[in-house]
Amino acid sequence: MPTCASPYRGYCDCGKCECDEGWFGEACQFQEDCNLSNKKSKELCRNPQGVVCSNRGTCHCGSCMCNNPDERSLVTGRFCECDDSECLDEDTGEVCGGHGQCYCGNCYCDAGWHGDKCEFQCDISPWESKRRCTSPDGKICSNRGTCVCGECTCYDVDPSGDWGDIHGDTCECDERSCHATYDRYTDDFCSGHGQCNCGRCDCKEGWAGNKCEHPLSCSLSLESSLKKCRGTSNLPCFGRGQCQCGQCTCHPPGDSRVHGKNCECDDRQCEDLSGEVCGGHGYCSCGRCICEEGWFGKLCQFPRSCDMSDAQSKELCETSDGVVCSGKGSCHCGRCICSPQDWWVSGEFCECDDRECDKHDGLICTGNGLCNCGNCECWDGWTGNACEIWVGTEY
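None of these values were measured; they are calculated from a predicted model.

Engineer: Teacher, can you tell me more about the overall build of the chain here?
Structural biologist: A tally of helices and strands in the chain yields four helices and 38 strands. Seen through its C-alpha atoms, the chain measures out along the principal axes to roughly 85 × 70 × 30 Å. A buried classification covers 37% of the 395 residues belonging to the chain. Considering only intrachain contacts with a sequence separation of at least 6, the fraction spanning at least 24 residues in the chain is 28%. Looking at the chain, you have 35 positive and 66 negative side-chain charges, and the mean spots of the two groups are 8 Å apart.

See the structure below:
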């Protein structure tokens, strides 16, 4: 049943909105007369991926009119991003089999039911199911899986293997803990010098360290070796190389973009998602862009001057609710410059929170990709939610 968008736009009559003059739509949410330019309207209709109304609707005055030819209102969302037809039972046509609610294409099942479309009934109580799935540290499936009728289904982070790196009755074992950042370029656990048992390395004779990375033949202690490799970072070799006896070997081998005594320079940070260095308006120096005259920004992406009035610039920086740069940045030449104090704020309208990007080894996107509006965009050779899995050539 639609809910009328505003008491000033229409009234509800037997579950249907009767709209006032000048308004239309199932909930009287669309205005017939529009004072926005076509360009501004389309900008407001683009989803975070830049697609107008997610290719599931048409844009009208900055709002998406979702395609629903059967009048079941299955395509919803501000950008028509939700397709609730994915919740329909193939046999009965019921939403979530009649045993749950559909939210943005996903079924949330009633107690005692489970399955993608709530098609299976569980023969144990929800409390017993939760008890069986609780790990020794008190977390449901160790926060690494989902509990279905008393059994944990662990997240499979290995897209190519026959078994996931995460396993155990309550997903308590995470074999990724046996991988150092640098040795993700191989299939070796524990630096190739030990055996991984439920996320812990048992080192071979002659080797030590959490990941068996330190040879006991080294004249330095493990801590001295790691301290020498850290430099100014919290991670040995800045998480971009192998530390052995106080010396860093940067990875991936042969990639000159990662360099420095402690692998402190990562020139991949100067590239945008398309691979362009410093926006074509500067050069990279140890992972930082040095911009040409007339350009500025982390990737030299902003011109210092432009042929545009303040009013024109502000119009291009406003979000659909009329807020400039989501209140988290300033507008310059029609583009948002997000607050540098809040490093995690990004996006065309400063609408994104990069803290939502997955981490591994304490690094966002494991240092092997860029965070794009809360999702990791991995560099070539890397995959996984946190770009933690190497699928390129083994070394």
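Engineer: Can you help me understand the UniProt feature "domain: Integrin beta epidermal growth factor-like" (unreviewed entry) in the chain in this one?
Structural biologist: Mapped onto the present numbering, the UniProt feature "domain: Integrin beta epidermal growth factor-like" (unreviewed entry) falls on residues 41–81 and 314–351. Across residues 314–351, helical content stands at 11% and strand content at 26%; the span's end C-alpha atoms are separated by 16 Å.

Engineer: What is the right way to look at the state of the cysteines in this model?
Structural biologist: By definition, a disulfide links two cysteine residues through a covalent bond between their sulfur atoms. Counted according to the given criterion, the structure contains 32 disulfides. Between the sulfur atoms of cysteine 173 and its disulfide mate cysteine 198 the distance is 1.8 Å. On the sign convention where negative is left-handed, the bridge of cysteine 173 and cysteine 198, at about -85 degrees about the S-S bond, is left-handed. With cysteine 173 in strand β16 (residues 173–174) and cysteine 198 in the loop between β17 (194–197) and β18 (200–203), this residue pair connects regions lying 25 residues apart in the sequence. Residue cysteine 173 is classed as buried on the basis of its relative accessible area, which comes to 6%. Two residues, cysteine 306 and cysteine 333, share a disulfide whose sulfurs are 2.1 Å apart. The sign of the S-S torsion, about -100 degrees, decides the handedness of the disulfide formed by cysteine 306 and cysteine 333: left-handed. Of the two residues, cysteine 306 is situated in the loop between β28 (302–303) and α4 (310–317) and cysteine 333 in the loop between β29 (329–332) and β30 (335–338); the sequence distance between them amounts to 27 residues.

Engineer: Explain the confidence of the model for the chain to me, please; I cannot follow it from the model alone.
Structural biologist: Keep in mind that low pLDDT regions are not for reading the predicted coordinates in detail. For the chain, mean pLDDT is 84; residues scoring 70 or higher make up 90% of the total. A low-confidence stretch, residues 158–163 (pLDDT under 50), is modelled with eight contacts involving residues beyond four sequence positions or located in other chains.

Engineer: How should I be thinking about the pattern of salt bridges in this particular structure?
Structural biologist: Where charged atoms from two side chains of opposite charge come close, those side chains can pair. Counted by the stated rule, this structure contains eleven salt bridges. The partner of glutamate 223 in a salt bridge is arginine 230, with the nearest N and O atoms 3.2 Å apart. The exposure class assigned to arginine 230 is partly exposed, which follows from its relative accessible area of 21%. One salt bridge in this structure joins aspartate 255 and arginine 257, with 2.9 Å as the shortest N-O distance. By relative accessible area, which is 29% here, arginine 257 ends up partly exposed. Because the salt bridges share partners, they merge into one network encompassing Glu128, Arg131 and Arg132.

Engineer: Quick question: what am I supposed to make of the environment of asparagine 262 here?
Structural biologist: Take asparagine 262: it is sitting in the loop between β23 (258–259) and β24 (265–266). C-alpha separation for the pair asparagine 262 and arginine 240, spaced 22 residues apart in sequence, amounts to 8.6 Å. Dropping the residues within four chain positions of it, asparagine 262 is found in contact with Lys228, Cys229, Arg230, Gly231, Cys237, Phe238 and Cys248. Here cysteine 229 takes part through its backbone oxygen, which lies 3.0 Å from a polar atom of the side chain of asparagine 262.

Engineer: Help me out: how do you make sense of the side chain of glutamate 213 in this one?
Structural biologist: Relative to the elements of secondary structure, glutamate 213 occurs in the loop between β19 (207–208) and β20 (214–215). For the buried glutamate 213, no salt bridge exists, and the shortest N-O distance to an oppositely charged side chain is 7.5 Å, to lysine 211.

Engineer: Help me out: how do you make sense of the UniProt feature "domain: Epidermal growth factor-like" (unreviewed entry) in the chain in this one?
Structural biologist: The sites that UniProt annotates as "domain: Epidermal growth factor-like" (unreviewed entry) are residues 91–118, 270–300 and 357–387. With 0% helix and 36% strand, the stretch residues 91–118 has end C-alpha atoms that lie 13 Å from each other. Between the C-alpha atoms that bound residues 270–300 the distance is 9 Å, and the span itself is 0% helix and 32% strand.

Engineer: Is there a simple way to think about helix α1 (residues 38–45) in this case?
Structural biologist: Since the α-helix advances by 3.6 residues per turn, residues separated by three or four positions end up pointing in the same direction. For α1, the full list of buried residues reads Lys40, Ser41, Leu44 and Cys45. Mapping the buried residues of α1 onto a view down its axis gives an arc of 135 degrees, with all of them on the same face. Of the residues in α1, the exposed ones pointing more than 90 degrees away from the buried face are Asn38 and Lys39. In this structure, the buried residues of α1 make contact with β5 (57–60), β6 (63–66) and α4.

Engineer: Where do I start with the packing of aromatic side chains in this structure?
Structural biologist: In this description, a pair of aromatic rings is defined by centroid distance and the angle of the planes. Evaluated as defined, the whole model comprises three aromatic pairs. Their ring planes at 65 degrees and their centres at 5.5 Å tell us that tyrosine 103 and tyrosine 108 sit as a pair that is edge-to-face. With a centroid separation of 5.7 Å and 90 degrees between ring planes, the pair formed by tryptophan 343 and tryptophan 344 is classed as edge-to-face.

Engineer: For this particular structure, what's the right way to read the pairing of strand β25 (residues 282–285)?
Structural biologist: Looking down a regular strand, the side chains alternate between one sheet face and the other. Relative to strand β26 (residues 288–291), β25 runs antiparallel, the two sharing four bridges. Its bridge partner lying in β26, cysteine 284 is registered against cysteine 289. In sequence, β25 turns back onto β26 through a hairpin of two residues, with cysteine 286 there showing a positive phi of about 50 degrees.

Engineer: Explanation requested: helix α3 (residues 222–230) in the structure shown.
Structural biologist: Considered for burial, the residues of α3 that qualify are Ser225, Leu226 and Cys229. Projected onto a plane normal to the axis of α3, the buried residues spread over an arc of 95 degrees and lie on a single side. Looking at the buried side of α3, the elements it contacts are β20, β21 (241–244) and β22 (247–250). Note on α3: the residue one or two positions beyond its end, glycine 231, has a positive phi of about 65 degrees.

The rules we used
- Residues numbered from 1 in each chain as written.
- Predicted model: local features only at pLDDT ≥ 70, side-chain atom pairs only at ≥ 80, totals over all residues.
- Heavy atoms only, no water.
- Helix = DSSP H or I, 4+ residues; strand = E, 2+ residues; numbered from the N terminus.
- Buried < 20%, exposed > 50% of the residue type's maximum accessible area, 1.4 Å probe, protein only.
- Contact = heavy atoms within 4.5 Å.
- Lys, Arg positive; Asp, Glu negative; His and termini not counted.
- Charge placed at Lys NZ, Arg CZ, Asp CG, Glu CD.
- UniProt positions renumbered as here; feature names shortened; annotations may be inferred.
- Disulfide = S-S within 2.5 Å.
- pLDDT = per-residue confidence, 0-100.
- Salt bridge = Lys/Arg side-chain N within 4 Å of Asp/Glu carboxyl O.
- Polar contact = N/O pair within 3.5 Å; in protein donor to acceptor, adjacent residues only side chain to side chain.
- Arc of directions from axis to C-beta.
- Phe/Tyr/Trp six-rings, centres within 6.5 Å; stacked < 30°, edge-to-face > 60°.
- Pairing = 2+ DSSP bridges.

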